[in-house]
Amino acid sequence: MLSLQWGSPVTGRPRLDSVLFGAAYLLTLLGNGLILLLIGLDARLHPPRYFLLSHPLLVDICYTSSGVPQMLLHFLLEKKTISFARCAAQVFFSLALGGTEFLLLAAMAYDHYVATCDPQNSMHIV
């Protein structure tokens, strides 16, 4: 007979997993936040072309914040349940932010395509 147990997915120790995932989450927040700060401080990065540079960073911060804190709680608590409303909200935000990131990456790809094919008129086209 197969016995299924709720264990920790990485190391088998929930406290260590929460520290590892928490550190990765903080590095993601600090790295993206630092890049956003540098974009805001450098006036050369304010033209419309760099508009697409900062928004995926903001979406990435929101995307990781939609699921990782709940996962960290599940590592630390004995009760590993989530209400239907919280689950639906988490799925909604994950899908919405994932779709937003997809559209931003498609816009960035189009911007680079136009800049490569027609560099003289790229600012007017985009």
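It should be emphasised that the depicted structure is a prediction, and the values quoted were computed from it without experimental measurement. (Residues numbered from 1 in each chain as written. Predicted model: local features only at pLDDT ≥ 70, side-chain atom pairs only at ≥ 80, totals over all residues. Heavy atoms only, no water.)

This brings us to the pattern of salt bridges. For the structure on display, the rule yields one salt bridge. As a salt-bridge pair, Arg-44 and Asp-42 come within 3.2 Å of each other at their nearest N and O atoms. (Salt bridge = Lys/Arg side-chain N within 4 Å of Asp/Glu carboxyl O.)

Our focus in this paragraph is the packing of helix 2 (residues 51-65) against helix 4 (residues 84-117). Where helix 2 meets helix 4, the axes come as close as 10 Å, and the angle between the chain directions of the two elements is 160°. Here helix 4 runs roughly antiparallel to helix 2, going by the angle between their axes. The hand of the helix 2/helix 4 crossing is left-handed. Note on element contacts: helix 4 touches helix 2 through Ser-94, Leu-97, Gly-98, Thr-100, Glu-101, Leu-104, Ala-107, Met-108 and Asp-111, opposite Leu-52, His-55, Pro-56, Val-59, Cys-62 and Tyr-63. Within the contact of helix 2 with helix 4, the residues separate by chemical class into nine nonpolar, four polar and two charged. (Axes fitted to C-alpha atoms, helices over the stretch in contact; angles between N-to-C directions. Helix = DSSP H or I, 4+ residues; strand = E, 2+ residues; numbered from the N terminus. Parallel < 35°, antiparallel > 145°, perpendicular 65-115°, else oblique. Left-handed = near helix turned anticlockwise from the far one by under 90°. Contact = heavy atoms within 4.5 Å. Nonpolar A, V, L, I, M, F, W, Y, C, P; charged D, E, K, R; others polar.)

Before going further, it helps to examine the packing of aromatic side chains. With the rule as written, the count across this model stands at two aromatic pairs. Look at Phe-21 and Phe-75: their rings are 5.4 Å apart centre to centre, the planes differ by 35°, and that puts the pair in the tilted class. With Phe-21 in helix 1 (residues 14-41) and Phe-75 in helix 3 (residues 68-76), this pair connects stretches of sequence that are 54 residues apart. Classification of Phe-75 by relative accessible area gives buried; the value is 11%. Arranged with centres 5.2 Å apart and planes meeting at 70°, the rings of Phe-92 and Phe-93 form a pair that is edge-to-face. Here Phe-93 falls in the partly exposed class, since its relative accessible area comes to 44%. (Phe/Tyr/Trp six-rings, centres within 6.5 Å; stacked < 30°, edge-to-face > 60°. Buried < 20%, exposed > 50% of the residue type's maximum accessible area, 1.4 Å probe, protein only.)

Quick look at helix 4 now. With 34 residues, helix 4 extends 49 Å between its outermost C-alpha atoms, agreeing within 8% with the 50 Å of an ideal straight helix rising 1.5 Å per residue. Listing the buried residues of helix 4 in full gives Leu-97, Leu-104, Asp-111 and Val-114. (Expected span 1.5 Å × (residues − 1).)

Okay, the environment of Leu-105 next. By the element assignment, Leu-105 lies in helix 4. Residue classification places Leu-105 among the partly exposed residues on the basis of a relative accessible area of 46%. In the structure, Leu-105 is positioned 49 residues away from Pro-56 in sequence and 7.7 Å away in space, judged by C-alpha atoms.

The next point concerns the confidence of the model for the chain. For the chain, the mean per-residue pLDDT works out to 83, and 85% of the residues sit at or above 70. When pLDDT is averaged over each element of the chain, helix 4 comes out on top at 90 and helix 5 (residues 122-125) at the bottom at 66. Every residue in residues 1-5 scores below 50 in pLDDT, and together they form zero contacts with partners more than four places removed in sequence or on other chains. (pLDDT = per-residue confidence, 0-100.)

So, on to a nonpolar patch on the surface. Taken together, Leu-34, Leu-37, Leu-38 and Leu-41 make up a surface patch of nonpolar side chains, about 410 Å² in accessible area. Assignment of secondary structure puts Leu-37 in helix 1. (Patch = residues over 30% accessible without salt bridge, like charges linked within 9 Å, V, L, I, M, F, W, Y side chains within 5 Å. Areas by Shrake-Rupley, 256 points an atom, 1.4 Å probe, with all protein chains shown as cover.)

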